[in-house]
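Descriptive analysis of the structure
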Amino acid sequence: MNPWVLTYDGFDPYQEGRREVLCTLGNGYFATRGAAPEAVADGVHYPATYVAGVYNTLVTEVSGRPVENESLVNIPNWLPLTFRCEGGSWFGGPDTEIISHHQELDFVRGVLTCHTQFRDSDARILQVTQRRFVSMRHPHLAALETTLVAVNWSGRLEVRSGLDGTVRNDGVARYAAFDSVHLRPLGTDRENDEVVCLHAETTQSHIRLAEAARTRLFRQGVRDDAIPELIEREGYVALQFSVDVDPGEETVVEKIVSIFTSRDAGISEPGREACDWAMHVAGDFEELLEYHVMSWRHIWDRTRTELGSDGAVAQALHLHIFHLLQTVSNNSVGLDVGVPARGLHGEAYRGHVFWDEVFIVPFLSLRLPQ
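First things first, this report covers the structure right here in the doc. (Residues numbered from 1 in each chain as written. Predicted model: local features only at pLDDT ≥ 70, side-chain atom pairs only at ≥ 80, totals over all residues. Heavy atoms only, no water.)

**A short note on the pattern of salt bridges**
All told, the structure shown has 17 salt bridges when counted by the stated rule. Across the pair Asp 336 and Arg 263 runs a salt bridge whose closest N-O atoms are separated by 3.7 Å. Residue Asp 336 is located in the loop between helix H4 (311-327) and helix H5 (357-367), and its partner Arg 263 is located in the loop between strand S18 (250-261) and helix H2 (270-281); the two are separated by 73 residues in the primary sequence. Given a relative accessible area of 63%, Asp 336 falls into the exposed group. Take Arg 263: its relative accessible area is 35%, and that puts it in the partly exposed class. (Salt bridge = Lys/Arg side-chain N within 4 Å of Asp/Glu carboxyl O. Helix = DSSP H or I, 4+ residues; strand = E, 2+ residues; numbered from the N terminus. Buried < 20%, exposed > 50% of the residue type's maximum accessible area, 1.4 Å probe, protein only.)

Pasting the structure below:
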């Protein structure tokens, strides 16, 4: 057992929720569960992203009495990226079969890698390799790289990359009786041929949120400059690309996302800042990854603990430290945030801050006192 890598083989719908939690990626400013980018909340998958300190209160009438709950908000989903053979179903849906699936969470580098083979209803097989990270160096950025290979077919491949603001707080079954819509959509924008932006606001705390996604497509290492189609509806925006592929040919989709809120200091307006970062500040995937890995290397230099040859115990310890540092990091310094009971990994306890700092503060005070 590798004490620095968490590995899963095969797809098990009964374990998917647990895996998504454990494969969460974050940087102390925001975190995203390890759901597949093509997945939607359906009882098996639960894609969700949480920004530290972004809460909202809803009141639900229960047995004639108002019940008030304040919750850590599931903000718009930046992950959506799906694909299909022309005329077929979108991969990841009920009409597609998962032939094989393998995923690895690398604690040292803070990178989640997934290898999956899909087969559609026409027996066309698509091999998909994805790498993602939430940047520890740049707290407002995340990146997703998807490599697609047609295995046994040729033809038109369609790729859709979007931002979904229609999400709800539906991650905990025992809260199902309470209102769960914390977001009000404020509109979408297309900045240019590769950048779209989505705006939303929390319904009660009136925190404005903006996400901008820059999507680029490469064929055999060469940038494809075809103008994508805009897909737009209330609370959702996406770019759809079409490209001809042959067996064994690689198509790479690079998605870089920036996230800002009205709680951020020193900005003009969240949407303007998010678009500026997506268009002008963020580098390409490999450049951002290099800085991200370097930041994690510095963190581990100060926090790693060696436990000898016991791989299972060492892996568990490294996993817990990894998730703690994704909830509270140097990127949390100066923010009005605490340490939620479940970190930034889900909605249990509604993201409230209790006495867990009794265990957390001693670790941080010795290693990251700032």
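**Observations concerning the pairing of strand S13 (residues 195-202)**
Among the eight residues in S13, eight count as buried, and that is most of the element. In the sheet, strand S12 (residues 183-190) pairs with S13 via seven bridges, with the strands oriented antiparallel. In the sheet register, Asp 189 faces S13, and the bridge partner there is Cys 197. Adjacent in sequence and paired antiparallel, S12 and S13 are bridged by four residues. Hairpin connection from S13 to strand S14 (residues 208-219): five residues lie between these consecutive antiparallel strands, with His 206 at a positive phi of about 55°. (Pairing = 2+ DSSP bridges.)

**A look at the side chain of Glu 254**
Following the sequence through the fold, Glu 254 ends up in strand S18. There is a polar contact of 3.3 Å between the side chain of Glu 254 and the side chain of Arg 214. When residues no more than four places from it in sequence are discounted, the contact partners of Glu 254 are Leu 144, Arg 214, Thr 215, Arg 216, Phe 218, Asp 284 and Phe 285. (Polar contact = N/O pair within 3.5 Å; in protein donor to acceptor, adjacent residues only side chain to side chain. Contact = heavy atoms within 4.5 Å.)

**Quick word on the sheet that holds strand S11 (residues 155-164)**
Read from one edge to the other, the open sheet built from four strands follows the order S6-S11-S17-S16, with strand pairing classed as antiparallel. Each edge of the open sheet is held by one strand with a lone partner, namely strand S6 (81-85) and strand S16 (229-233). The mean angle between the axes of side-by-side strands here comes to 20°, regardless of whether they run parallel or antiparallel. (Axes fitted to C-alpha atoms, helices over the stretch in contact; angles between N-to-C directions.)

**Re the packing of aromatic side chains**
In total, this model carries 12 aromatic pairs according to the counting rule given. Centroid distance Trp 4 to Trp 300: 4.9 Å. Interplanar angle 85°. Geometry classified as edge-to-face. Of this pair, Trp 4 sits in the segment before strand S1 (5-9) while Trp 300 is found in helix H3 (residues 285-303), placing the two residues 296 residues apart along the sequence. The exposure classification of Trp 4 matches that of Trp 300, with both residues buried. Here the aromatic rings of Phe 91 and Phe 118 are separated by 5.7 Å at their centres, their planes lie at 55°, and the arrangement is tilted. (Phe/Tyr/Trp six-rings, centres within 6.5 Å; stacked < 30°, edge-to-face > 60°.)

In short, the description is geometric, and any link to function would need to be established separately.
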